[in-house]
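Residue-level structure breakdown
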Amino acid sequence: MANKYWQGGAAPIAQVRRWTLAGTWEATDIIRAKIGNRIVDFVSGSTVIDTVLANLQAAWSALNASLYPEFAELTPSVDTASDYFILTAATAGNPFTVTLHPLESDGTTDGDAQTIEGSNTATAGTSVTASSSPNDIGVAANWSGGALPADGDKIVLSFSNVD
C-alpha cells in the first residue's frame with residue numbers, strides 16, 4: 001500500500017481517429033456522421049474513393065461552426081494512399097466520439113457495396129492517438145511515481161492549480 005498523490009500536469013495530447021473507406025461508392029451515397037445527438041449527412045459526390053474522401057473533408061470543413069460547434073472542434077484530413085478519413089481534436093486533451101455510417105441515397109438503408117471500416121453500419125473508427133490531458137485521472141503521468149493508483153493505495157488530493 002502506497003500513498004499516491006494527484007499532481008496533474010501531464011502534457012495534453014490531441015485525440016486522432018481514422019476510418020477506412022472501401023467498396024463501390026455511388027455519387028449519391030451518404031456518409032452519416034454522428035456526434036452525441038447531432039447528425040450531419042454528407043453526400044459522397046463521386047464513385048472514386050479519393051474524391052469521396054476529398055468531398056467529405058471539404059464538406060466537414062465548410063460546416064458553420066455556430067450551427068455545428070461539436071463538428072468544428074475536429075479537424076478533418078485524408079490519406080488517399082490508404083483511403084483514410086482522419087479526425088483530430090482541435091484542442092489537445094479534449095476527447096471525442098464520432099460514428100460514421102455509409103448509407104444509400106435514401107438516407108435510411110445501410111450501404112450495399114460501400115463500406116467504412118469494413119462495415120455497412122455505423123462505426124467509431126480506429127484509434128490512432130488517444131486523448132490525454134493534465135486533468136485525466138486515468139493518465140499515469142498525473143500521479144506521483146508516474147503510475148496509476150492500485151488497489152490498496154491511499155489517494156491524496158491536495159491544493160493544486162490543476163483540476
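Residues numbered from 1 in each chain as written. Predicted model: local features only at pLDDT ≥ 70, side-chain atom pairs only at ≥ 80, totals over all residues. Heavy atoms only, no water.

**Description of the sheet that holds strand 4 (residues 38–43)**
Spatially, the three strands line up as an open sheet ordered 4-3-7, and their pairing is antiparallel. A single partner strand is all that each edge strand has here, and the edge strands are strand 4 and strand 7 (99–103). Strand-to-strand twist in this sheet, taken as the mean axis angle between neighbours without regard to direction, amounts to 20°. Relative to the sheet, helix 1 (residues 49–62) contacts strand 3 (30–35) and strand 4, its axis offset from that of strand 3 by approximately 40°. (Pairing = 2+ DSSP bridges. Helix = DSSP H or I, 4+ residues; strand = E, 2+ residues; numbered from the N terminus. Axes fitted to C-alpha atoms, helices over the stretch in contact; angles between N-to-C directions. Contact = heavy atoms within 4.5 Å.)

**Comments concerning the environment of F159**
Tracing the backbone through its elements, the reader meets F159 in the segment after strand 10 (154–156). Considering only alpha carbons, one finds F159 and W6, 153 residues apart in sequence, at a separation of 9.6 Å.

**Quick look at the packing of aromatic side chains**
This model, assessed by the stated rule, comprises six aromatic pairs. Relative to W143, the ring of W6 lies with its centre 5.2 Å away and its plane at 75°, an arrangement referred to as edge-to-face. One end of the pair, W6, is in the loop between strand 1 (3–5) and strand 2 (16–23); the other, W143, is in the loop between strand 9 (126–129) and strand 10, and 137 residues separate them in sequence. Accessibility expressed as a relative area gives 12% for W6, which makes it buried. Aromatic pair W19 and F85: ring centres 6.3 Å apart, planes at 40°, arrangement tilted. Taken as a pair, W19 in strand 2 and F85 in strand 6 (residues 84–89) lie far apart in primary sequence, 66 residues in all. When sorted by exposure, W19 lands in the same class as F85, which is buried. (Phe/Tyr/Trp six-rings, centres within 6.5 Å; stacked < 30°, edge-to-face > 60°. Buried < 20%, exposed > 50% of the residue type's maximum accessible area, 1.4 Å probe, protein only.)

**A few points about the pattern of salt bridges**
Throughout the structure, instances matching the rule amount to two salt bridges. Where R32 meets D41, a salt bridge forms, and the shortest distance between an N and an O atom there is 2.7 Å. Among the residues examined, D41 registers a relative accessible area of 37% and is labelled partly exposed. Residue R38 is joined to E70 by a salt bridge in which the shortest nitrogen-to-oxygen separation is 4.0 Å. You can see R38 sitting in strand 4 and its partner E70 sitting in helix 2 (residues 69–72), a full 32 residues away along the chain. The exposure class of E70 is partly exposed, given its relative accessible area of 21%. (Salt bridge = Lys/Arg side-chain N within 4 Å of Asp/Glu carboxyl O.)

Function cannot be read off these values alone, since they describe shape.
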